[in-house]
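Tertiary structure, described
The chain contents come next:
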Protein chains: 2
Amino acid sequence: MPDAIPADSVGLVTPQIAHFDKPLTLACGQTLASYQLIYETYGTLNQDASNAILICHALSGDHHAAGYHDMADKKPGWWDSAIGPGKAIDTNHYFVIALNNLGGCCGSTGPTSINPETNQVWEADFPIVTVEDWVESQARLADLLGIQTFAAIVGGSLGGMQALEWSIRFPKRLKSAVIVASAPKLSTQNIAFNEVARQSIRRDPDFFDGRYLDNESIPTNGLGLARMLGHITYLSDDAMGAKFGRQMRHEQYQYNYGIEFEVESYLRYQGEAFTKRFDANTYMLMTKALDYFDPAAQTNGDLAAVLSRAECEFLLVSFTTDWRFSPVRSEEIVNALIKAGKPVSYAKIEATEGHDAFLFPIPRYMQAVNSFLTRIADQVMPPSSQGESEHAR
Amino acid sequence: MPDAIPADSVGLVTPQIAHFDKPLTLACGQTLASYQLIYETYGTLNQDASNAILICHALSGDHHAAGYHDMADKKPGWWDSAIGPGKAIDTNHYFVIALNNLGGCCGSTGPTSINPETNQVWEADFPIVTVEDWVESQARLADLLGIQTFAAIVGGSLGGMQALEWSIRFPKRLKSAVIVASAPKLSTQNIAFNEVARQSIRRDPDFFDGRYLDNESIPTNGLGLARMLGHITYLSDDAMGAKFGRQMRHEQYQYNYGIEFEVESYLRYQGEAFTKRFDANTYMLMTKALDYFDPAAQTNGDLAAVLSRAECEFLLVSFTTDWRFSPVRSEEIVNALIKAGKPVSYAKIEATEGHDAFLFPIPRYMQAVNSFLTRIADQVMPPSSQGESEHAR
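What you see is a predicted model; the values in this text were computed from it and never measured. (Residues numbered from 1 in each chain as written. Chains lettered and ligands numbered in written order. Predicted model: local features only at pLDDT ≥ 70, side-chain atom pairs only at ≥ 80, totals over all residues. Heavy atoms only, no water.)

Let's shift gears to the environment of T91 of chain A. Residue and element names in this part refer to chain A. Here T91 lies in the loop between β7 (89-90) and β8 (95-99). For T91, a relative accessible area of 11% translates into the label buried. If we ignore the near neighbours within four places in the chain, the residues touching T91 are V10, Y42, G43, I83, G84, P85 and V96. (Helix = DSSP H or I, 4+ residues; strand = E, 2+ residues; numbered from the N terminus. Buried < 20%, exposed > 50% of the residue type's maximum accessible area, 1.4 Å probe, protein only. Contact = heavy atoms within 4.5 Å.)

Laid out in structure tokens, this is it:
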């Protein structure tokens with residue numbers, strides 16, 4: 001809990017809900033007759049609605065990206081270090097929108113929502129959603145908010161895939177895309193890890209084939225396992241080593257299956273904590289959205305060909321110790337953009353934190369994002385239109 | 001099933017069992033009053049018992065390293081490609097012993113054996129065994145077979161840890177150690193993966209706290225998951241990519257939780273097959289033995305200091321795409337040996353197979369092992385003592 005809201009915070013924020021009654025046909029073929037998206041905004045939309053930035057979240061993210069919901073909150077939103085007045089994504093200049101994606105479990109329509117056709121909770125019957133579906137629904141949210149063109153669409157990991165998809169699907173609706181620690185599609189190993197995570201959940205008898213709420217149950221064992229495994233892939237070997245090493249719980253080995261090494265305790269805790277805040281069916285959906293994403297499939301695997309549709313500027317960021325989506329994966333996008341003749345900046349950031357680095361305010365990373373967005377601001381909001389705030393960095 | 005036994009095979013082999021009635025006190029403090037080890041031998045022990053090689057197995061290995069048990073066998077032993085007449089570990093010159101370690105589930109005393117004190121199956125009551133315990137029990141097997149000094153002790157992965165431990169614990173009982181794709185201790189990430197594997201098993205309700213046989217049950221879901229996860233860490237990202245890529249099961253995405261990508265099918269199959277041949281309690285024990293191994297802990301983390309006790313020659317081998325025990329981990333041992341002034345050869349082998357490469361007959365790898373062992377043969381068995389077989393490579 002902050003004693004006082006920090007000066008560089010967006011402050012107290014209240015989530016808002018947008019209802020959509022226009023049916024949405026998903027990639028899987030099913031149609032959602034109606035749905036809602038929960039979102040938050042930070043900063044002020046300017047008169048010509050040219051200063052909007054959309055934040056796309058990753059696997060377990062949500063709409064609460066910055067600020068506090070309550071003075072009693074222990075922590076601010078998940079990307080508070082990057083979003084706020086004077087921060088990398090500067091709310092003195094930009095109007096920032098963060099939403100919970102369709103299929104989520106934090107207020108947008110998803111497996112824990114009521115299916116209006118049955119008046120039952122959707123649970124496992126909620127259709128599989130894809131990155132394309134998310135981008136479609138985000139575009140409708142933009143319509144509702146009166147935003148024709150985003151100054152930037154920003155995301156890390158699975159969020160970066162959404163930014164990439166935006167550039168292909170709605171090339172005229174964004175001036176720039178900031179794609180951090182992402183990939184143009186999952187590798188075989190990435191899919192394999194996702195499959196183990198899904199099997200962990202599915203094999204938990206408390207999962208009840210995805211109808212656990214109906215059965216007054218929660219698959220905490222399986223979802224916890226999936227999160228433990230995920231955590232290993234989010235952290236670098238170095239970061240885990242630096243944080244825990246072979247640090248023991250007791251002075252001597254106990255020679256049993258209790259905690260011997262602190263890293264075991266950390267993983268068990270992370271797994272358990274996650275089950276208290278996240279829905280297993282949503283987790284399953286998110287892993288599938290990752291698996292399915294492969295925009296180059298439309299152009300016979302030629303990423304440059306599909307990216308030739310893009311009309312925005314790109315910033316790609318990768319982190320040296322990220323082995324989930326290594327720098328090589330970002331460079332596939334960079335090289336394809338260069339081949340397609342698109343304007344792209346690329347920052348490969350030295351970082352020890354592995355894939356998780358995208359959530360940390362690493363100075364060179366934050367500077368790279370800020371410099372890029374400042375340049376975009378100069379294009380979309382000539383200094384005269386930027387109001388009273390100083391813009392002389 | 002071979003139509004005929006290949007000429008370079010050790011042929012039909014029969015496992016043997018050695019009983020030990022001298023109590024063995026384990027690192028954990030518990031004592032086994034008696035136990036048995038199952039083993040196989042290939043080649044002929046020479047008169048002065050100077051040509052013996054011990055093969056130490058890895059996590060899921062056993063005593064059946066080479067040859068066939070039956071003409072109907074579909075496959076030979078797990079390291080048949082390396083052991084046989086004219087092969088890297090040449091049975092024309094060497095007498096090779098392969099055993100199943102204590103705690104195993106293939107015939108040596110372990111969780112599936114009867115506890116003589118209770119006349120019940122041990123199951124989860126079987127004590128935790130360590131690399132040190134294995135080396136101790138292997139030395140007793142050597143005593144029984146009349147082998148004072150091994151020409152070489154050879155192992156990959158967890159097997160390499162046993163060879164390393166031999167060099168420290170019984171420096172006078174081996175002329176050389178061949179340590180392949182191994183590490184001087186697990187990294188934090190290695191421990192973390194093991195913990196997820198153990199939790200997968202423990203959280204399976206069919207595990208019954210390790211007393212599943214008593215409950216006429218087998219934790220196939222949890223053990224299968226552990227194996228799926230293990231498999232990902234044995235293979236390189238590149239190898240998985242080359243083998244499966246994003247190869248789909250159907251022409252179009254099905255948008256469900258069935259098999260979409262062939263790698264999912266492969267993993268499920270590998271997991272299931274493993275549960276038919278391996279015991280979950282043994283799997284748990286093996287992961288603990290890996291976790292606990294850390295010989296440098298005796299010398300305040302100074303690996304060179306503990307290795308200064310060694311008196312043998314070393315061959316270290318690593319594989320470029322192994323990310324479970326990367327070349328850097330082998331190089332920790334190489335550098336410590338150099339610091340300790342010990343004779344060490346090191347081969348870093350280009351291989352696409354990841355950690356699993358240690359099981360493949362990669363020519364440069366097999367040549368490195370063979371050249372090293374030929375040099376050792378010249379030392380321990382002067383040409384005149386090597387019998388009729390030609391030894392002029």
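As a further point, take the UniProt feature "active site" (unreviewed entry) in chain A. Residue and element names in this part refer to chain A. As annotated in UniProt, the feature "active site" (unreviewed entry) corresponds to S157, D322 and H355 in the numbering used here. Across 199 residues, the annotated set stays spatially compact, with a maximum C-alpha separation of 10.7 Å. You can see S157 is positioned in the loop between β11 (152-156) and α2 (158-169). Residue S157 is classed as buried on the basis of its relative accessible area of 7%. If near-sequence neighbours (up to four positions away) are discounted, S157 is found in contact with A58, V180, A181, S182, F325, H355 and F358. Following the sequence through the fold, D322 ends up in the loop between β13 (313-319) and α9 (327-339). Apart from the residues lying within four places of it in its own chain, the contact partners of D322 are A181, P327, G354 and H355. (UniProt positions renumbered as here; feature names shortened; annotations may be inferred.)

On to the sheet that holds strand β1 (residues 16-20) of chain B. All names here are of chain B. Read from one edge to the other, the open sheet built from eight strands follows the order β1-β4-β8-β5-β11-β12-β13-β14, with strand pairing classed as mixed. Strands with a single pairing partner mark the edges of an open sheet, and in this sheet they are β1 and β14 (344-349). Taken pair by pair, the neighbouring strands of this sheet meet at an average axis angle of 20 degrees, ignoring direction. Direction of pairing for strand β11 (residues 152-156) relative to strand β12 (residues 176-180): parallel, over a ladder of four bridges. Along β12, the bridge assignment pairs I153 with A177. On top of the sheet, helix α2 (residues 158-169) reaches β5 (52-56), β11, β12 and β13 (313-319); it is set at about 150 degrees to β11, its chief contact. Where helix α10 (residues 363-380) meets the sheet, it contacts β5, β11, β12, β13 and β14, and its direction lies at approximately 175 degrees from that of β13. (Pairing = 2+ DSSP bridges. Axes fitted to C-alpha atoms, helices over the stretch in contact; angles between N-to-C directions.)

Here the focus is the packing of helix α3 (residues 188-202) of chain A against helix α7 (residues 280-292) of chain A. Residues and elements named next belong to chain A. Remark: α3 packs on α7, axes separated minimally by 10 Å, with the N-to-C direction vectors making an angle of 160 degrees. By the angle between their axes, α3 is roughly antiparallel relative to α7. In terms of crossing hand, the pair formed by α3 and α7 is left-handed. The residues of α7 that touch α3, namely those facing I191, N194, A197, R198, I201 and R202, are A280, Y283, M284, T287, K288, L290 and D291. Taken together, the residues of the contact of α3 with α7 sort by class into seven nonpolar, two polar and four charged. (Parallel < 35°, antiparallel > 145°, perpendicular 65-115°, else oblique. Left-handed = near helix turned anticlockwise from the far one by under 90°. Nonpolar A, V, L, I, M, F, W, Y, C, P; charged D, E, K, R; others polar.)

All chains considered together, the criterion is met by 34 aromatic pairs over all chains. A ring pair is formed by W122 of chain A and F126 of chain A, whose centres lie 5.2 Å apart and whose planes are at 80 degrees; its orientation type is edge-to-face. As far as the burial class goes, W122 of chain A and F126 of chain A line up, both buried. Their ring planes at 35 degrees and their centres at 5.7 Å tell us that F207 of chain A and Y212 of chain A sit as a pair that is tilted. Here F207 of chain A and Y212 of chain A have matching classes, each one buried. What links up through ring pairs into an aromatic cluster is the set F193 and W323 of chain A together with F193 and W323 of chain B. Over the face of the ring belonging to F325 of chain A we find R324 of chain A, whose NZ or CZ atom lies 6.0 Å from the ring centre. (Phe/Tyr/Trp six-rings, centres within 6.5 Å; stacked < 30°, edge-to-face > 60°. Lys NZ or Arg CZ within 6 Å of the ring centre and 35° of its normal.)

Superposition record for chain B on chain A: RMSD 0.0 Å, screw rotation 180 degrees, translation along axis 0.0 Å. In the structure described here, the two chain copies are related by an operation that fits a two-fold rotation axis. Here 100% of the interface residues in chain B have copies in chain A that are interface residues too; the copies meet face to matching face. (Least-squares fit on C-alpha atoms with pLDDT ≥ 70 in both.)

With that settled, consider the pairing of β13 of chain B. All names here are of chain B. The element β13 is extensively covered by neighbouring structure, given that seven of its seven residues are classed as buried. With burial as the criterion, each face of β13 is covered, one bearing E313, L315, V317 and F319 and the other bearing F314, L316 and S318. Inspection of the sheet shows β12 paired to β13 by five bridges, in the parallel sense. The residue of β13 that forms the bridge with A177 is F314. In the sheet, β13 pairs with β14 via six bridges, with the strands oriented parallel. Considered in β14, the bridge of L315 is made with S345.

Residue and element names in this part refer to chain B. Where helix α3 (residues 188-202) contacts helix α4 (residues 220-234), the axes come no closer than 7 Å and their chain directions differ by 160 degrees. In terms of their interaxial angle, α3 and α4 are classed as roughly antiparallel. Here α3 runs over α4; the crossing is right-handed. Here α3 contributes F193, V196, A197, S200 and I201 to the contact with α4, which in turn contributes G222, L223, L225, A226, L229 and T233. For the contact of α3 with α4, the class distribution of residues is eight nonpolar, three polar and no charged.

Here we come to the state of the cysteines. Residue and element names in this part refer to chain A. What the rule picks out here adds up to zero disulfides over all chains. For the unlinked cysteine C28, the closest cysteine sulfur is that of C105, found at 19 Å. What makes C28 partly exposed here is its relative accessible area of 21%. Sulfur of C105: no disulfide; nearest cysteine sulfur belongs to C106 and is 4.2 Å away. (Disulfide = S-S within 2.5 Å.)

This part takes up the environment of L12 of chain B. Residue and element names in this part refer to chain B. Secondary-structure assignment places L12 in the segment before β1. For L12 and Y42, which are 30 residues apart along the polypeptide, the C-alpha to C-alpha distance reads 9.8 Å. Setting aside anything within four residues of it in sequence, one finds L12 in contact with I5, Y68, H69, D70 and M71.

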